[in-house]
Amino acid sequence: MKKFSLVEFSVDHPKLIVLLAIIISLAFMTQFPKIKTDTNPKNMLPATSAVRVWNDGVEKTFGLYEDMIAVGIVNENGILNKDTLGGIQRITDGILRINGVAARDVSSFTTIDNVTVQDGTLNVAPLMADVPKDQAGVENLRRNLFENPLFLNRIISKDGKTAAIYVPLEKGANGKEIADSIRELVGKEKGGEKFYIAGDPVARDTFGAEMFKLMAVFAPIAGMVMLAVRFFMFRDLFLSVTLMMDAMISIVWSMGLLIGLGFPIHIMSSMAPVFLMAIATDSMHIFNEFYFRYGETKDKRKAIIETMRAVSRPVQNTALATAVGFGVLLFMNIIPVKVFGGLVAFGTVVLRILSFSFIPAMFTFVKEEKIEKIARAQEIRAGGTSRFLRKLAGAGAYHPKTTLVVGLVLFAAALVGLTKIRVNNNLVEWFKTGNEVRIADTVMNRSLGGTSMAYVVATAPEDEYMKTPEAMRHIEGLQRHLEKLPVVGKTTSVVDYVKRINRVLHDDDPKFDAVPETKEMIGQYIFLFSMSAKPSDLDNVVDYPFRRANIWVQLKTWDAQAMRDVIKAMDEYKAAAHESPMRIDLKPAGIAYFNLVWNDEVLWDMVMGFGLALIAVFAILALDFRSVKWALVGYTPLLFTILLIYGVVGYAGKDFDMPISVLSCLSLGMAVDFAIHFVSRLRQRLREMPGESLSDALLWTAERPGKGIIRNAVLFAASFAVMIFAPLTPYITVGAFIVSMMLLSAVMTIVYIPALITLASGSLLEKGRNA
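The present account deals with the structure reproduced in this document. (Residues numbered from 1 in each chain as written. Predicted model: local features only at pLDDT ≥ 70, side-chain atom pairs only at ≥ 80, totals over all residues. Heavy atoms only, no water.)

**Concerning the sheet that holds strand β4 (residues 162-168)**
- An order of β4-β1-β5 is seen for the three strands of this open sheet, with the pairing classed as antiparallel. Each edge of the open sheet is held by one strand with a lone partner, namely β4 and β5 (194-198). For this sheet, the mean angle separating the axes of adjacent strands, direction not counted, is 20 degrees.
- Here seven bridges tie strand β1 (residues 68-74) to β4, and the two strands are oriented antiparallel to one another. Paired with V71 across the bridge in β4 is I165.
- In this fold helix α4 (residues 82-96) packs onto β1, β4 and β5, with an angle of close to 10 degrees to the strand it touches most, β4. (Pairing = 2+ DSSP bridges. Helix = DSSP H or I, 4+ residues; strand = E, 2+ residues; numbered from the N terminus. Axes fitted to C-alpha atoms, helices over the stretch in contact; angles between N-to-C directions. Contact = heavy atoms within 4.5 Å.)

As structure tokens, then:
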């Protein structure tokens, strides 16, 4: 009984294959209306992760909000004038009415509590109940602002030119939507002030919204570019569209499965369509070989079957390598990383199934005279591309030692570059320098304490300990220590409230701007304050049993490294000698701390996945080639290319962030694809032409399969080059990285594999001819 062949079945029943592809695609498309999105990096980690559980507990204990927007008001002539103050009042009143804003805890001139003494009694009242009616009122407000350290560098800058409104958001509120509402409010102001809106929810939700928009724009543009380049290569619109359909079917099936299983579209999974479109370019090898085969056989059916027989093994194994490269991400800890890995791995498998069914079926619909015309243009020795590829391969085949020496020099330089790479993530810097989100963050960080919020939670061994002078002095000392860091703009704690009360109750004498001497006095001050202030004023900085205190740390950058510096300084302070024993434990918390943990866990998860993928891919090469030595030959250009690219990243001073870590998997899959195609077809040639010299076989491989490699790389690079013009820096990174990676890996494959094979021909040649 004849063995079933999917290729032959597809060639004999092309209409059935196309119909099945359409029906299955429509079935997956029925899931699209159920699509859900999630752009919150918090959900990159499981709800049970230690940092999320800890942060949630801290927020609950101290009545904190997960998200906070900072609104900056800048007047170069000074904030303290009736017109600007009136604008602040109007904007604040408008913000309080926006859905999703936690109105009770908005901090502005008109809502923040000011601690003073009136007729010998502690008075806690809004800083600015009404706009001052005269200059005397303005001067009184100036004194209240600049003499209170709780306000300075928080709601007013030292130079008096910048004010801030802090807007906490209710759980689940969309930062971009609220920021847009605030922009509408400030847009109604007609004065000379400039307004800036910053904060993690603004950057996060704006980035998420813009990313999905860009995916909707760039995926079709990338597709059109790929279509145009294919048409330029083959001069056949029908087959160019066929290859595009191959990619689109895979995307529909993959995204339909993802949505149907109930997974939301995260930032990472939103990039899957472009990745799958790029991976689909591996079918270029089928097209490339088909026209050569037709030129030799002049029989369309025979050419299709012989083409698939010739390329089946490398196409299958490149798909396996790519699927494994992404599939290992299923074993990582981060849920969206798992989803992304599984999504792309599934899409890769679909692409390979389509390569052996849908593409052969579509070949049958092309008229033979059209194929004949294209085939004539594909003659192996015709055109400059073939001559160029012969020269490239000849450099390695005829001058292997020189080629190897040059490679070793580049290798050493790349190793130095690797040492310069810094692992970091900064969501704000994912926007271009001129973007309003980045401008707002820069202005606010330059003028005020900082838009990135962290906390240091101090925990005592027993209740009431936080009322003791010892605990207060330790917290105050930690604040001063942290404020020495360039990245820290301001710190606030219960100590600042106690010192303020102590001072105002002593006729505002600066000598009493200090921690009181006894626990009883501290307790009385806190009790008096709690009777008059908003509950959140005290709740935000100390818990009710007074066992825990919360130190607010405002950072002037969203760099993950800034939080590392804070933690290091915190640990140094704890380890240092103190006048009294330090009986409190210190632990970081807040969005800045989460971003650090998220940065490390996501990036190192990707690095670990990349390492596992390297091992798995080498195993696939060894099994495919049935030789560890041949596997090393194919593996070397892969490692060399990746090393060179990351070396350049280090020299360029580019942080190793999430976009670059994601690209590691793609670069691994595509770079090994080229090696598999080259080595597999070379060994096939050696078996079929036993009398041909090794150098001639290498040059033939560079000319014929090598043409598919170059076309694949050019097509891949051209489609991603459009991303260089994106407004978001991760897209620019993705575009530049992949363009350079694809072109370089193709060249490295064609130059260095011949060089390595020539040098090791003694131990490789017999295996190559007999395998």
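**Quick look at unusual backbone geometry**
- Located in the positive-phi region is N153, a residue other than glycine, with phi close to 70 degrees.
- Following the sequence through the fold, N153 ends up in the loop between α5 (135-146) and β4.
- Of the residues examined, N153 reaches a relative accessible area of 15% and is grouped as buried.
- Phi angles above zero are rare outside glycine, and E464 is one such case at about 70 degrees.
- Mapped onto the elements, E464 comes out in the loop between β6 (452-459) and α18 (469-482). (Buried < 20%, exposed > 50% of the residue type's maximum accessible area, 1.4 Å probe, protein only.)

**Describing empty space enclosed by the protein**
- Using the criterion set out here, one finds six cavities of 30 Å³ or more in the structure.
- Empty space within the largest cavity amounts to approximately 740 Å³.
- What lines the largest cavity is a set of 47 residues, and nearest its centre among them are M68, R154, M453, Y455 and W552.
- Secondary-structure elements contributing two or more residues to the lining of the largest cavity are α3 (50-62), β1, β2 (113-118), β4, α7 (200-234), β6, α21 (535-539) and α23 (591-625).
- With four residues, α3 is the single largest residue contributor to the lining of the largest cavity.
- For the lining of the largest cavity, the per-class residue count stands at 23 nonpolar, 12 polar and 12 charged.
- Estimated volume of the second largest cavity: approximately 80 Å³.
- Together, P41, D200, N425, N426, L427, W558, N595, W598 and N599 line the second largest cavity. (1 Å grid on protein atoms, 1.4 Å probe; cavity = no way out; pocket = protein on both sides within 12 Å on 5 of 7 lines; lining within 4 Å. Points joined across faces, edges and corners; volume = space filled by probe spheres on them. Nonpolar A, V, L, I, M, F, W, Y, C, P; charged D, E, K, R; others polar.)

**Let's talk about the pairing of β2**
- Two strands pair when backbone bridges link them, and β2 and strand β3 (residues 121-126) are joined in this way by six bridges, in the antiparallel orientation. Across the sheet, residue D113 finds its bridge partner in β3, namely P126.
- Taken together, β2 and the strand that follows it, β3, pair antiparallel across an intervening segment of two residues, in which D119 is found at a positive phi of about 55 degrees.

**Some thoughts on the packing of aromatic side chains**
- Summed over all chains, the structure comprises 11 aromatic pairs.
- Seen from their ring centres, F275 and F326 are 6.2 Å apart, and the 80 degrees between their planes marks the pair as edge-to-face. Of this pair, F275 sits in helix α9 (residues 272-279) while F326 sits in helix α11 (residues 300-327), and the two are 51 residues apart along the sequence.
- Aromatic pair F618 and Y635: ring centres 5.1 Å apart, planes at 70 degrees, arrangement edge-to-face. Highlighted residues: F618 in helix α23 and Y635 in helix α24 (residues 628-651), separated in sequence by 17 residues.
- Given a relative accessible area of 22%, F618 falls into the partly exposed group.
- An aromatic cluster is present here, built from F207, W430 and F431 joined pairwise through their rings.
- Its end group placed over the ring of W54, K587 keeps NZ or CZ at 4.2 Å from the ring centre. (Phe/Tyr/Trp six-rings, centres within 6.5 Å; stacked < 30°, edge-to-face > 60°. Lys NZ or Arg CZ within 6 Å of the ring centre and 35° of its normal.)

**A few points about the environment of I591**
- Relative to the helices and strands, I591 is located in helix α23.
- The spacing of I591 and Y455 is 136 residues in sequence and 8.5 Å in space, taken between C-alpha atoms.

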